Amino acid sequence: MSDHYDVIIVGSGAGGGTLAHRLAPSGKRVLVLERGDWLPREIENWDAEAVFVDNRYVSPDTWLDGHGKAFQPQVHYFVGGATKFYGAALYRLRERDFGELKHHGGISPAWPIGYEVMEPYYTAAENLYQVHGARGEDPTEPPASAPYPFPPVSHEPRIQRLFDDMAAVGLHPFHSPCGVMLDEVRPERSACIRCATCDGFPCLVHAKADADVVAMRPALEHDNVTLLRNARVRRLETDDRGRAVSAVVAEVEGEEQRFSADVVVLSAGAVNSAAILLASASDRHPHGLANGSDQVGRNYVFHNSRAFLAVSKEKNDTRFQKTLGLNDYYFGDPDFDYPMGNLQMVGKSSAPMYKGEKPIETGLAPAFALRDVAEHAVDFWLSVEDLPEPDNRVTLNGDGQVVLQYTPNNQEPMDQLYHRTKKHLGHLGMHPHHLVPRNVYMKNDIPVAGCAHQAGTVRFGTDPATSVLDVSCKAHEVDNLYVVDTSFFPSIGAVNPALTAIANALRVGDHLLERLG
């Protein structure tokens, strides 16, 4: 394997995998260094106990919290990154999310680019990731230059009833934008079979539009793209001036290997990209590579989220449940003049997921036996924006171990959104007194361990004193270093961040194609 490339990409998820796909047709020599391997295709992919109880696919990493307590983060290292397990909810940020927003808990800062810059890349991202949706249903939906490439995923009967009941009380539910390879008109040709093992599971039949299936595999059809798996990048080295990355140092099968490229792109996730930069400290960059601003690792965000199940008065035999969203309270309402957030369905819960979840046992007994819960549960997810704070940050301890320090903020909007959801339950065919928290998505006593939506830490901006990257996501201080995972976000909004990472990778890809000529 040659050691010099036009572009090295560290990570193959929503950012890195998409960027590789964008660069592949150019003929430029691209090396993707992926810490993990192909996710094995095995029956356990669809086994709730293996996935949620045994944590079969979760990394054995140990990080420390701000108090020095060890925890296991809910991260996955495979080709395709976190998208192998995401629910494929592919939302655009709202147009107002790109500007400064006043929240109950403080200010969400403006982005250095507006929505209009991202819009064509959102459209391209929706096409690449085969997003199903319906324009015009969501009152907060930003302008779009094209319809969704595929029709919305239909609601199953119980969720259609929920949709209709929401509309009847004056709400505006919509079909959640979903990246799955589903053909409901010709089901005999459909890769997706609408199973109950999508959100939080890897797809055994490769019918979920994840970065592995829709980006990396097609990119590897081009001879100029190389994927090196089980290659953990430890640090980046620079030339004598400290202005260019001269070597990417990776551990491959227990041995150190060095690679070089004209351009190096980090896309290892908000925590790990920051950790790599911090671990790359040198005489020229004593506080970490590209960290003259002291912003690397800071402003970590991952959403204030709450998962809960409501007990339906009728059985809920839905299999593919993640088809409905609600943004009526996204920017507030007449009784709360601050943004709240997004409500969406999550994957249908099943009995094995409840193992060890004491709130479900205590919240439902004696009215319901646990064996009845799965038959009646309707599962919701609320997301509220958490605000970037400098002290919510990633650092490394003396042994090079990741320390993730996080103190929650902007909590009142979650309580407000939860209250509004709860007050509607009796009108939505639910038992209003059987609303139970679900910990299945956190799976840990430390909330910060549930880091699926991690962002911030290497944010972009126009001022090198307050940001790490410029508007092209190039490091201010290093001429050939870019970052394209969600760490570039100055703020996170209240919807899933994946589509924005994908769209931005396409945007940066166009910039790199122009740069490389």
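The shown structure was predicted, so the numbers you read here are calculated from the model rather than taken from an experiment.

**What about the overall build of the chain?**
Thought 1: Looking only at helices and strands, the chain features 10 helices and 21 strands.
Thought 2: Against the compact-globule benchmark of 24 Å for 517 residues, the chain has a radius of gyration of 22 Å, which places it among compact chains.
Thought 3: Here the C-alpha coordinates of the chain stretch approximately 70 × 50 × 45 Å along the principal axes.
Thought 4: Here the chain holds 517 residues, and the buried ones make up 62% of them.
Thought 5: Once local pairs closer than 6 in sequence are excluded, the contacts in the chain between residues at least 24 apart make up 74%.
Thought 6: As displayed, the chain has an accessible area near 19,500 Å², and 49% of this comes from carbon and sulfur atoms.
Thought 7: For the chain, the distance from the average site of its 48 positive side-chain charges to the average site of its 67 negative ones is 2 Å.

**A short note on the packing of aromatic side chains**
Thought 1: In this structure the tally under the stated criterion is 21 aromatic pairs.
Thought 2: Here the aromatic rings of Trp63 and Phe71 are separated by 6.3 Å at their centres, their planes lie at 85 degrees, and the arrangement is edge-to-face. The same class applies to Trp63 and to Phe71, which are both buried.
Thought 3: Put simply, the rings of Phe98, Trp111, Tyr115, Tyr122, Phe460, Phe488 and Phe489 pair up and form one aromatic cluster.
Thought 4: Across from the ring centre of Tyr77, 3.9 Å away, lies the NZ or CZ of Arg35, which sits over that ring.
Thought 5: When the ring centre of Tyr329 is taken as origin, the NZ or CZ atom of Arg420, which lies over that ring, is 6.0 Å away.

**Quick notes on the pairing of strand S17 (residues 377–384)**
Thought 1: Within S17, 8 of the 8 residues are buried, leaving the element largely enclosed by the surrounding structure.
Thought 2: For strand S14 (residues 304–312) and S17, the ladder comprises 8 bridges, and the chain directions are antiparallel. Note on S17: the bridge partner recorded for Asn304 is Val384.
Thought 3: Bridging between strand S16 (residues 341–345) and S17 involves 5 bridges; their strand directions are antiparallel. In the sheet register, Gln344 faces S17, and the bridge partner there is Trp381.

**Some thoughts on unusual backbone geometry**
Thought 1: Positive phi outside glycine occurs at Asn230, with the angle close to 55 degrees.
Thought 2: Secondary-structure assignment places Asn230 in the loop between strand S10 (225–228) and strand S11 (231–238).
Thought 3: Positive phi, normally seen in glycine, also occurs at His303, with a value near 75 degrees.
Thought 4: As for its placement among the helices and strands, His303 is situated in the loop between helix H6 (270–279) and S14.
Thought 5: Judged by its relative accessible area of 2%, His303 is buried.

**A short note on the side chain of Arg507**
Thought 1: Considering the arrangement of structural elements, one finds Arg507 in helix H10 (residues 498–516).
Thought 2: For the buried Arg507, which has no salt bridge, the nearest side chain bearing the opposite charge is Asp470, at an N-O separation of 7.2 Å.
Thought 3: Once residues within four sequence positions are removed from consideration, Arg507 is found in contact with Ile113, Val117, Met118, Tyr121, Phe460, Val471, Ser472 and Cys473.

**Quick notes on the pattern of salt bridges**
Thought 1: A complete count under the given rule lists 27 salt bridges for this structure.
Thought 2: Between Lys84 and Asp210 there is a salt bridge whose closest N-O contact spans 3.1 Å. With Lys84 in the loop between strand S4 (70–71) and strand S5 (101–103) and Asp210 in the loop between strand S9 (178–179) and helix H5 (211–219), this pair connects stretches of sequence that are 126 residues apart. Accessibility assignment for this pair places Lys84 and Asp210 in one class, buried.
Thought 3: The salt bridge partner of Glu156 is Arg194, with a shortest N-O separation of 3.2 Å. Taken together, the residues span a long stretch of sequence, with Glu156 in the loop between strand S7 (131–132) and helix H4 (157–168) and Arg194 in the loop between S9 and H5 at a distance of 38 residues.

**Things to note about the environment of Thr18**
Thought 1: The topology assignment puts Thr18 in helix H1 (residues 16–23).
Thought 2: Here the alpha-carbon distance between Thr18 and Asp61, two residues 43 residues apart in the chain, equals 25 Å.

**Concerning the pairing of strand S12 (residues 245–252)**
Thought 1: Counting buried positions along S12 gives 6 out of 8 residues, so the element sits mostly inside the fold.
Thought 2: Turn length for the S11-S12 hairpin, with the two strands adjacent in sequence and antiparallel, is 6 residues, and the turn residue Gly242 shows positive phi of about 75 degrees.
Thought 3: Relative to strand S13 (residues 255–266), S12 runs antiparallel, the two sharing 5 bridges. Within S13, the position partnered with Val248 by the bridge is Phe259.
Thought 4: Taking the residues between adjacent antiparallel strands as the criterion, S12 and S13 are bridged by 2 residues, where Glu253 takes a positive phi near 50 degrees.

**Section: the environment of Arg22**
Thought 1: Considering the arrangement of structural elements, one finds Arg22 in helix H1.
Thought 2: Separated by 14 residues in sequence, Arg22 and Gly36 place their C-alpha atoms 22 Å apart.
Thought 3: Setting aside residues no more than four positions away along its own chain, Arg22 makes contact with Tyr121, Leu506, Gly509, Asp510 and Leu513.

**So, empty space enclosed by the protein**
Thought 1: The full count for this structure, using the stated rule, is 5 cavities of 30 Å³ or more.
Thought 2: Approximately 120 Å³ is the volume attributed to the largest cavity.
Thought 3: In terms of lining residues, the largest cavity is bounded by 14 residues, among which Arg94, Asp138, Glu141, Tyr148 and Pro177 are the most central.
Thought 4: Here the lining of the largest cavity is built from residues that sort into 7 nonpolar, 1 polar and 6 charged.
Thought 5: Considered class by class, the residues forming the lining of the second largest cavity number 10 nonpolar, 1 polar and 2 charged.

**Comments concerning the nonpolar core**
Thought 1: Of all hydrophobic cores here, the largest spans 111 residues; its most connected members are Tyr129, Leu236 and Leu481.
Thought 2: In terms of residue count, the dominant contributor to this core is H10 (10 residues).
Thought 3: Apart from the residues lying within four places of it in its own chain, the contact partners of Leu481 are Leu236, Val245, Val264, Leu266, Leu277, Leu289, Cys473, Lys474 and Ala475.
Thought 4: Counting residues in each nonpolar core, the second largest holds 24 residues, with Phe308, Met345, Leu382 and Leu428 among its members.

What counts and how
- Residue positions are given per chain, counted from 1 along the sequence in the order it is written.
- Only residues with pLDDT of at least 70 are given local features in this predicted model, and only at 80 or more are side-chain atom pairs given and counted; all residues enter the totals for whole chains, interfaces and linings.
- The side-chain values count all of the structure's non-hydrogen atoms but skip hydrogen atoms and water molecules.
- Secondary structure elements are defined from DSSP: runs of H or I of at least 4 residues count as helices, runs of E of at least 2 residues count as strands, and each element is numbered from the N terminus.
- A radius of gyration in this sense is built from C-alpha atoms; the matching globule rule multiplies 2.2 Å by the number of residues raised to 0.38.
- The buried label goes to any residue with under 20% of its type's maximum accessible area, the exposed label to any with over 50%, and the partly exposed label to all in between, with areas taken from a 1.4 Å probe on protein chains only.
- Every residue pair with non-hydrogen atoms within 4.5 Å of one another is taken to be in contact.
- Computed with the Shrake-Rupley method and a 1.4 Å probe, the accessible areas treat only the protein chains shown as cover for residues.
- Two residue types count as positive, namely Lys and Arg, and two as negative, namely Asp and Glu; His and chain ends fall outside the count.
- Where a charge lies is defined by one atom per residue type: Lys uses NZ, Arg uses CZ, Asp uses CG and Glu uses CD.
- Ring pairs are drawn from Phe, Tyr and Trp, using the six-membered ring of Trp, whenever the two centres fall within 6.5 Å, and their geometry is named by plane angle: stacked under 30 degrees, edge-to-face over 60, tilted for the rest.
- Distance and angle both matter: a charge sits over a ring if NZ of Lys or CZ of Arg is within 6 Å of the ring centre and within 35 degrees of the ring normal.
- The pairing criterion for strands is at least two bridges between them, as found by DSSP.
- A carboxyl oxygen of Asp or Glu within 4 Å of a side-chain nitrogen of Lys or Arg is what we treat as a salt bridge.
- Put simply, the grid is 1 Å and covers the protein atoms alone, a cavity is a trapped set of points that fit a 1.4 Å probe, a pocket is an open set with protein on both sides within 12 Å along at least five of seven lines, and lining residues have an atom within 4 Å of a point.
- Grid points are joined across faces, edges and corners, and a volume is the space filled by probe spheres set on the points.
- Under the scheme applied, nonpolar residues are Ala, Val, Leu, Ile, Met, Phe, Trp, Tyr, Cys and Pro; charged residues are Asp, Glu, Lys and Arg; polar residues are all the others, including Gly.
- As used in this record, nonpolar core signifies buried Ala, Val, Leu, Ile, Met, Phe, Trp, Tyr and Cys residues forming a set joined through side-chain atoms within 4.5 Å.

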